[in-house]
Amino acid sequence: MPLPPEIPNPFLGTVVADPWAADGIESDVPQIHAEVFDECCRAVEEIRAGGRSSGILIHGQAGSGKTHLLRRLRARFASPATPSTDPERPRQVFASIRLQTSPGMIWRHVRRRCAEDLLRSSGDEICQLDQLLRYRMAEFRPAIGHLDLWWDYLWDEHPQAIDELLGHFSQHDGMDYATTTVLEHFLRGTHRRETLGWLRGEPLPQSALDELGLKAADEETADPEAEARATVRAFCALAGAEVPVILCFDQVESLQSDPEDKAGLFAFGQLVAALHDETRNVLLVSCMQSSFAESLHKTIREADYDRIGSRAKLALPPLRHPQAAQLVKARLDGSRELAPLRAGRDPLWPLNDSDLRAAVGDLGCTPRELLKACAERFFVLQRGAPVPALAIEEFLRRDWEGRLEKAVAENRPEETESILGHGLPYLMSIAAPDWQRQEKDSRLRDVDFVYAAPRTEARVGISLCTHGSMTSLAARLRRLREQFAQGRLEKLVLLRDPRTPIGAGAKRAHDYLRELETQGATLLRPSVEALAALEALRLLLSDAQSGDLTAAGETVPPQTVRDWLAAHLPSTLRELAETVTACPRPGEFDGDGPGAADGRLERLTELLSEQHLTTIDEAAARFGCDPASLEAAVRTRPHQFVLLAGPPAVVFERVESATPARSGSDLQSDESA
C-alpha cells in the first residue's frame, strides 16, 4: 500500500537545541545511552546523600545525542512543581548553559543562564527559585499539610520568617548583602523588574539600584566577573547541602572563535574547577564532540581537566541494531497519521529490517545518521523517489534569514555586551582574517580585545563601554584614558549601544570621553541592525562549531558556514569591521575632525533622548559648533538618525522595526523625505 503523500515524515527533525524543549520528548528512547544517563543519576543521588561536587564529561560524534541526553536529565530532575504534602522533601535544581560567550564574560554568562532557568515557569507552576525558597523556608517553619496552603498561612501570620531565612543565608551560607537584599525583594514581590534584572546580571542604572536599596560597585575595585562568580556560588549555596544543583554545559566548542583561540577553553577549565572546589552540592555535566575533548585536554591545565571529569569521562557509543530499531519504532509510534495504517503490521512498517540494517551498517551509526537514512527511505516509499536535497547555499540563506528576523525582533540593549563580546571575534575572523588577535594584556585592563594590523603590526584596542551606570562608565573611561596614554595601542575604539545615551548629568563621563577623543580614541555606536546581524552570525557559527547545524539531517561543517558568510556578509557587519580596523590614528584629530564629530553626535543622541526631535540649527547653537559640520556628521550615521531637508533641517533618531532592516540604498533619502 503506498503511503499517502500528505502524511508528515516522522523522521524529520533530528536536532534538540534546548534541553528544556518539550517537542519530541515522547519519542525519547531510554535504552539509548542508558549507561551514561544512569551514571549521571547515581552522581545526583550521591550528592543528595551528602557527597561532594563532581564533574562528568560526556563526548561523542556530532549527532550522537548529547543534548537529547541533557533533555532526558532535565525531564528527570526538573519535573514541574506540583502541590506537595511533603514540603521538607529535598528537591534538585537544573540549569542548562550553552557556552555562547567570550572568555572575559564567561561567569556573567553562566550567572545569566542559571538565573533564567531558576526563573522558568509554565502556566500555574512556580519557578525553580520560588520552589527552592519555599522548601528552605520549611526548614525554619516546619509545614504541616499542603505546601501552598502553608505558604499562604506563613505570609499572613508569620511574615518575620522571611527575615529569619535571609539571616540564615547571610550567616551560615555566606551570602552577601546584595544577594540577600534582592532575594527579599523576590520573596515579597517588590520591584520585580529590577529584581529579575539584577538576578540575571543585567547592567542596571543607578536609579534601579536605588530602588533595590543597593549601592553601585566601587569604581576602583569593581570586577563584574568576580561579582557574577559570587552570585553563581550563592545560587548553589541557596539550594542547601542536600539539594543537588545540576549544571549542564553544552556547546563548549563555541568558546573558540577560531582554531588558534585558546583563551575560551582555558577560561572554561578554570570556571569548572572553581565550581567543583568551591561548592559541595553541584554536578557539573560538560558535553562536547569527541575530537574537541582531545583539544580541550591539550589546551587547559591538567588539574582543570581532571575536575571536568572528576567522576567520569564517558563516550556516547554508536547505535547498534536493537537500539536503532527502538528509535525508529518510537518515531513511527509518535505519528498519529500513520497509526491507522500500521495497525496489525510489522512494528517497523512502512520500513523493514533490511532498511534498518543498511542504515546502521557494520560499525553502527549516530542517531542523526539513522534518522536521516530513514527520512530518505520514507520519502522514497511515499513519493517513489527521494526528495531533492536543498542546496547548501539555499539552506544557509533561509537559515540566516530566519535567525536575522528573530534577532531583530528580540534585540535589547541589555544584550549588547554579550553580542559584541562573543560576536566580534567571529566577525573579525571572517571580515578581517589578516588581523591577528593578541593575547590579553594585563596593563590594558579595560581593553577587551586587541588586534594587530597586517604588515604594520599596529595594535587596535576595542573596549565595550556598555555600562548602564554612569558611575561605572565614568570609571572605565578614566582608566582607559590612563591605559591609552601608555602608548601600547595605536588605535582605541569604544563601542556603545546607540540606544543608551550618556546622560547630560554624567559630567565626569563626558569629560573623560572628550579627553579620550583628544588622545585619538573613537566612540563607535553600531546600529541596531548591525547588532542583530552580529547576534545571528554568532549563533549560526556556534551551532556549526558544535555540530548542531544540520541540512536535511546532514551536519554542516563550520568551514562551509564561514565560507558562505564571507561571501554573503551583510553590509552592516562589513562596515562595522571596516570601521573598527580603519578608525583614525592618534594625531589625526583636530578641532573639527572625526573625534569632534563623534562628540557632537553623542551629545545629539542625549538631546534627542529628551525631546525626540530638533533642528540642526538649534542643536548646533546648543553645542557651539557650525550647523553645516553637524549636518555632515549626522549624514555619516544614517542607521541612527533621520535627517529631513529644510529649511529648517530637522533630525530625529531612527526607530528600528521588528522586521529585518533594509540596506542603506533602500532607505528613503532626506531630500525625498
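One structure accompanies this document, and this report is about it. (Residues numbered from 1 in each chain as written. Predicted model: local features only at pLDDT ≥ 70, side-chain atom pairs only at ≥ 80, totals over all residues. Heavy atoms only, no water.)

### Focus on the sheet that holds strand S15 (residues 650-653)
Point 1. Across the sheet, three strands lie side by side as S13-S15-S14; this open sheet has antiparallel pairing. This sheet does not close on itself; its edge strands, each paired only once, are strand S13 (613-615) and strand S14 (641-644). Mean inter-strand twist for the sheet, computed between neighbouring axes without regard to direction, equals 25 degrees.
Point 2. By the bridge criterion, four bridges tie S14 to S15 in an arrangement that is antiparallel. Residue pairing across strands places Leu643 opposite Val651, the latter belonging to S15.
Point 3. Sitting on the sheet, helix H26 (residues 616-623) is in contact with S13, S14 and S15, with an inclination near 80 degrees to S13. (Pairing = 2+ DSSP bridges. Helix = DSSP H or I, 4+ residues; strand = E, 2+ residues; numbered from the N terminus. Axes fitted to C-alpha atoms, helices over the stretch in contact; angles between N-to-C directions. Contact = heavy atoms within 4.5 Å.)

### Concerning unusual backbone geometry
Among all residues except glycine, the phi angle is most often negative; among peptide bonds, the trans geometry is most common.
Point 1. Going from Trp349 to Pro350, the amide bond is cis rather than trans, its omega being 15 degrees.
Point 2. The phi dihedral of His33 is positive, around 60 degrees, even though this residue is not glycine.
Point 3. Looking at the secondary structure, you find His33 in the segment before helix H1 (34-48).
Point 4. Residue classification places His33 among the buried positions, given a relative accessible area of 4%.
Point 5. In this model, Arg455 sits at a positive phi of 70 degrees, which is unusual for a non-glycine residue.
Point 6. Along the chain, the position of Arg455 falls in the loop between strand S7 (449-452) and strand S8 (459-464).
Point 7. Overall, Arg455 belongs to the exposed group, its relative accessible area being 78%. (Buried < 20%, exposed > 50% of the residue type's maximum accessible area, 1.4 Å probe, protein only.)

### So, the sheet that holds strand S6 (residues 436-437)
Point 1. Spatially, S6-S7-S8-S9-S10 is the arrangement adopted by the five strands of the open sheet, whose pairing is mixed. Strands with a single pairing partner mark the edges of an open sheet, and in this sheet they are S6 and strand S10 (522-524).
Point 2. Note: S8 against strand S9 (residues 491-495), five bridges, orientation parallel. When the sheet's bridge partners are listed, Ile462 is paired in S9 with Val493.
Point 3. Helix H20 (residues 470-484) rests against S8 and S9 of the sheet, and its axis sits at about 170 degrees to S9.
Point 4. The sheet strands contacting helix H24 (residues 571-581) are S8, S9 and S10, and the helix crosses S10 at an angle near 170 degrees.

### What to know about the packing of aromatic side chains
Point 1. Applying the stated rule across the entire model yields three aromatic pairs.
Point 2. Their ring planes at 80 degrees and their centres at 5.6 Å tell us that Phe249 and Phe268 sit as a pair that is edge-to-face. Of this pair, Phe249 sits in strand S3 (residues 245-250) while Phe268 sits in helix H11 (residues 263-278), and the two are 19 residues apart along the sequence.
Point 3. Taking the ring centre of Phe37 as reference, the NZ or CZ of Arg72 above it sits at 5.5 Å. (Phe/Tyr/Trp six-rings, centres within 6.5 Å; stacked < 30°, edge-to-face > 60°. Lys NZ or Arg CZ within 6 Å of the ring centre and 35° of its normal.)

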